[in-house]
Amino acid sequence: MPHNLQASSRSRRGTAGSLLWPLLFFGTSLALSPAIEPAWGQETSQNNGTASNLPLLNRLDALEELRQALSLPTTSIQTEAVTLDGRRLFLVAALQGDPGSVPPVSQRARSIEQTLRQLAQSGLDPETLRVEVVLDSQTNQPVIRVNGRHLMTITSLDAQLQGSQPMDWAEQVAGIVEEALRTWQRERQPQFLRRQALIALAILAAAASLSRLCQRERRRLQQKRDALQAEYQAIQAEVQERLQGEPGEDPVLVEQQAGRKRQASYLELQIRLLRLVQVGLWTGGVGVSLGLFPQTRPLQTFLLVSLRGPLLRLAGVGLATYGSVWLSSLLLDGLFAALRQEQWQNAPTYRLSKRLSTFAGVSKGVTATTLVLLGSLVGLASVGVNIGPLVASLGFIGLGISLAAQDLIKDVINGLLILLEDQFAEGDVIVVDGRSGLVEHMDLRLTQLRNTEGSLISIPNSAIRVVENLSNGWSRVDLGIVIAYENDLEQAIRITEQVALQMYREPAWRDKILEPPEMHGVDDLGERGITLRIWIKVQPLQQWRVAREYRRRLKHAFDQAGIRIPFPQQTLWFHSPLEMRIQGLSPEETHRLLRLMESRLEARPRERDLDPEDLTDQVPAEGLHRP
């Protein structure tokens, strides 16, 4: 009889222990695995070679059979475990009591536990310990006594719950109680405590060693992450430097920046997993150590029972949801990075790279929202909330949301059309309703632009009707160059075209200028001068950089050739002669002064300004003085 009981107990403990190492590997709490249902350990089998057997312990089908045999509703029968030193011994059953009062089965279990503790603390001698089963003459039910003291009565509910006869089950319970009391005395011996202390120290030392290895690996990964972040910041600084004066981005730098960010995110995930493993190592080590000593084993059982509550389930669902969102983000980044890499190898077009980047951001947002919604439903279900009606009512909720948030639905639909039709993507420079800027962020609801002044402009997607994309496919430098009328026109046209062709032939600018420049000649004869028109086809977002460099070179070439660029000036024509009068002078004296100033101006160099006071100082006083 005791042999079967202990064999089953050892088997259950081995099953529970087998869950320990996978949980340790993934960094979860090892305290969940030492014994979710603590049973008697291997010390019992080593001492007497006996084992306990609980044939139908805690089986739901046994409760159903018992209910059918007694013709009672399932909720009218309650069961509870009797424990000693934090270990479950056996189950007792009782009918349900009045609502709001302490259940009879709980009162019965606590009474048996209290008697067991009193017997164990009374200094029982294992040699004289005697557990017997006697038949009560009045109730005709088996009674278990310990050294002549009444412990409990085996009822028909207890026996039928285990699928056995009352006397047979009483004999099994008597063996369990006897072995529990002997183990209680043995586990409080100094030699046993010393051995358990050595085991606990070994477990904690192993946890400390593994934790130190995890810490060392974390520091190595943190150094690599910091180096990647430094490279990311350097690339960001270069991007910002190139953005000064031009609202565009270099796609190559943007791709490098995205690659550094992906690598840093992957390293951050590894660092967090290692931190979780460290927490799991110490939690598991301490939890297992608590179960090694009889004085601390009830604390371990209390923690295990507490952790199996709704809070643990909610924490697990939340952690799983967070990990799923993180992993989905990494997977999507890796997927779109592979697509970009393949695209660059086959046909390196900037446009497709931008589209993939935009789709990656939108996909991560949609995936994260879906996972959070599913995680919320699973979390509600894990705490006992019936989500069936909630899921069924989602259709009506969606209808209500659609009526109350029509603008939001318009934003989402228009955002999808923008993505599918490739109207623009992140990194493009667009003009929407007179507002221009770089598309810094885009999702299904809104588009955010950053203009040249640094202002962030948020535009709902439903408000985007007509959009000008300045960087889709290719761009063009459209320059109208104004020269003065007195210049040699053919020479100016030749120099304008030669400067552009020279830039086109240079390797530094050859990858930015797609085709030879097109010189269109005289485009306008205006008030200021002659306008020459030239077109230069360039890569997307390179038009501002190419135009600045071309203007600089053209100015130097015009200066060397003596070609003048006009400045604002006007010529006035009068139908009648104008008379100039100077107060205090006669008309003859005024005429003489003007002729003298004119002769002085013709004599001096053109670049030197003439001060009229110099002339007045040289005019004879008698010539200007009226008698």
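Residues numbered from 1 in each chain as written. Predicted model: local features only at pLDDT ≥ 70, side-chain atom pairs only at ≥ 80, totals over all residues. Heavy atoms only, no water.

Draft legend 1. The arrangement of the overall build of the protein chain in detail. When helices and strands are counted, the protein chain shows 21 helices and 13 strands. Here the protein chain holds 627 residues, and 39% of them are scored as buried. Across the protein chain, contacts joining residues at least 24 apart in sequence account for 67% of those joining residues at least 6 apart. Accessible surface, the protein chain as shown: approximately 36100 Å² in total, 57% of it carbon and sulfur. (Helix = DSSP H or I, 4+ residues; strand = E, 2+ residues; numbered from the N terminus. Buried < 20%, exposed > 50% of the residue type's maximum accessible area, 1.4 Å probe, protein only. Contact = heavy atoms within 4.5 Å. Areas by Shrake-Rupley, 256 points an atom, 1.4 Å probe, with all protein chains shown as cover.)

Draft legend 2. Spatial organisation of the packing of aromatic side chains. Under the definition given, this model contains zero aromatic pairs. R476 extends its terminal NZ or CZ atom over the ring of W535, reaching a point 3.9 Å from the ring centre. Stacked on the ring of W474, the Lys or Arg K537 has its end atom at 4.4 Å from the ring centre. (Phe/Tyr/Trp six-rings, centres within 6.5 Å; stacked < 30°, edge-to-face > 60°. Lys NZ or Arg CZ within 6 Å of the ring centre and 35° of its normal.)

Draft legend 3. Here's a closer look at helix α18 (residues 543-561). Counted at 1.5 Å a residue, the expected span for α18 with its 19 residues is 27 Å, and the 26 Å between its end C-alpha atoms agrees. Along α18, the residues that are buried comprise Q543, R545, V546, A547, E549, Y550, R553, L554, A557 and F558. Positioned one or two residues after α18, G562 has a phi angle of 75 degrees, which is positive. (Expected span 1.5 Å × (residues − 1).)

Draft legend 4. Inspection of the sheet that holds strand β4 (residues 142-146) at higher detail. If you walk across this open sheet you meet the three strands as β3-β4-β5, and the pairing is antiparallel. What marks the edges here is a single partner per strand, and that holds for β3 (131-135) and β5 (149-153). Across the sheet, the mean angle from the axis of one strand to that of its neighbour is 35 degrees, orientation sign disregarded. Note that β4 and β5 share four bridges and pair antiparallel. Among the inter-strand pairings, V146 is bridged to a residue of β5, identified as R149. Helix α5 (residues 104-121) contacts β4 and β5 of the sheet and is inclined by roughly 150 degrees relative to β5. Those strands touched by helix α7 (residues 166-186) are β3, β4 and β5, and its axis lies near 15 degrees from that of β4. (Pairing = 2+ DSSP bridges. Axes fitted to C-alpha atoms, helices over the stretch in contact; angles between N-to-C directions.)

Draft legend 5. Expanded view of the sheet that holds strand β11 (residues 475-483). Judged by pairing direction, the sheet is antiparallel, and its three strands sit side by side in the order β11-β13-β12 without closing on themselves. One side of each edge strand has no neighbouring strand; the edge strands of this open sheet are β11 and β12 (518-525). Averaged over all adjacent pairs, the angle separating strand axes in this sheet is 25 degrees, with direction ignored. Direction of pairing for β12 relative to strand β13 (residues 530-538): antiparallel, over a ladder of six bridges. Pairing of D524 across the sheet is with T531, part of β13. Taken strand by strand, helix α16 (residues 489-505) contacts β11, β12 and β13, and its axis lies near 15 degrees from that of β13.

Draft legend 6. Seen up close, the pattern of salt bridges. Per the counting criterion, the structure on display carries 23 salt bridges. A salt bridge links R220 to E217; its shortest N-O distance comes to 2.4 Å. Placement of the pair is R220 and E217 together in helix α8 (residues 190-243), with a separation of three residues, close to one helical turn. The partner of R533 in a salt bridge is D523, with the nearest N and O atoms 3.1 Å apart. Separated by 10 residues along the polypeptide, R533 in strand β13 and D523 in strand β12 bring together distant segments of the chain. Of the residues examined, D523 reaches a relative accessible area of 43% and is grouped as partly exposed. Salt bridges sharing partners connect three or more residues here, namely R225, D226, E268 and R272. (Salt bridge = Lys/Arg side-chain N within 4 Å of Asp/Glu carboxyl O.)

Draft legend 7. Inspection of the confidence of the model for the protein chain at higher detail. Per-residue confidence for the protein chain averages 75 on the pLDDT scale, and 73% of its residues sit at or above 70. The lowest-confidence element of the protein chain is helix α3 (residues 42-48), averaging 35 in pLDDT; the highest-confidence one is α16, averaging 92. Taken as a whole, residues 1-60 scores under 50 in pLDDT and shows 127 contacts with residues more than four places along the chain or in a different chain. pLDDT under 50 marks residues 606-610. Its contacts with residues more than four places away, or in other chains, come to six contacts. (pLDDT = per-residue confidence, 0-100.)

Draft legend 8. Quick look at the side chain of E113. Of note, E113 is situated in helix α5. Reaching out from E113, the side chain makes a polar contact with the backbone nitrogen of T83 at a distance of 3.0 Å. When sequence neighbours within four positions are dropped, the list of residues in contact with E113 reads A81, V82 and T83. (Polar contact = N/O pair within 3.5 Å; in protein donor to acceptor, adjacent residues only side chain to side chain.)

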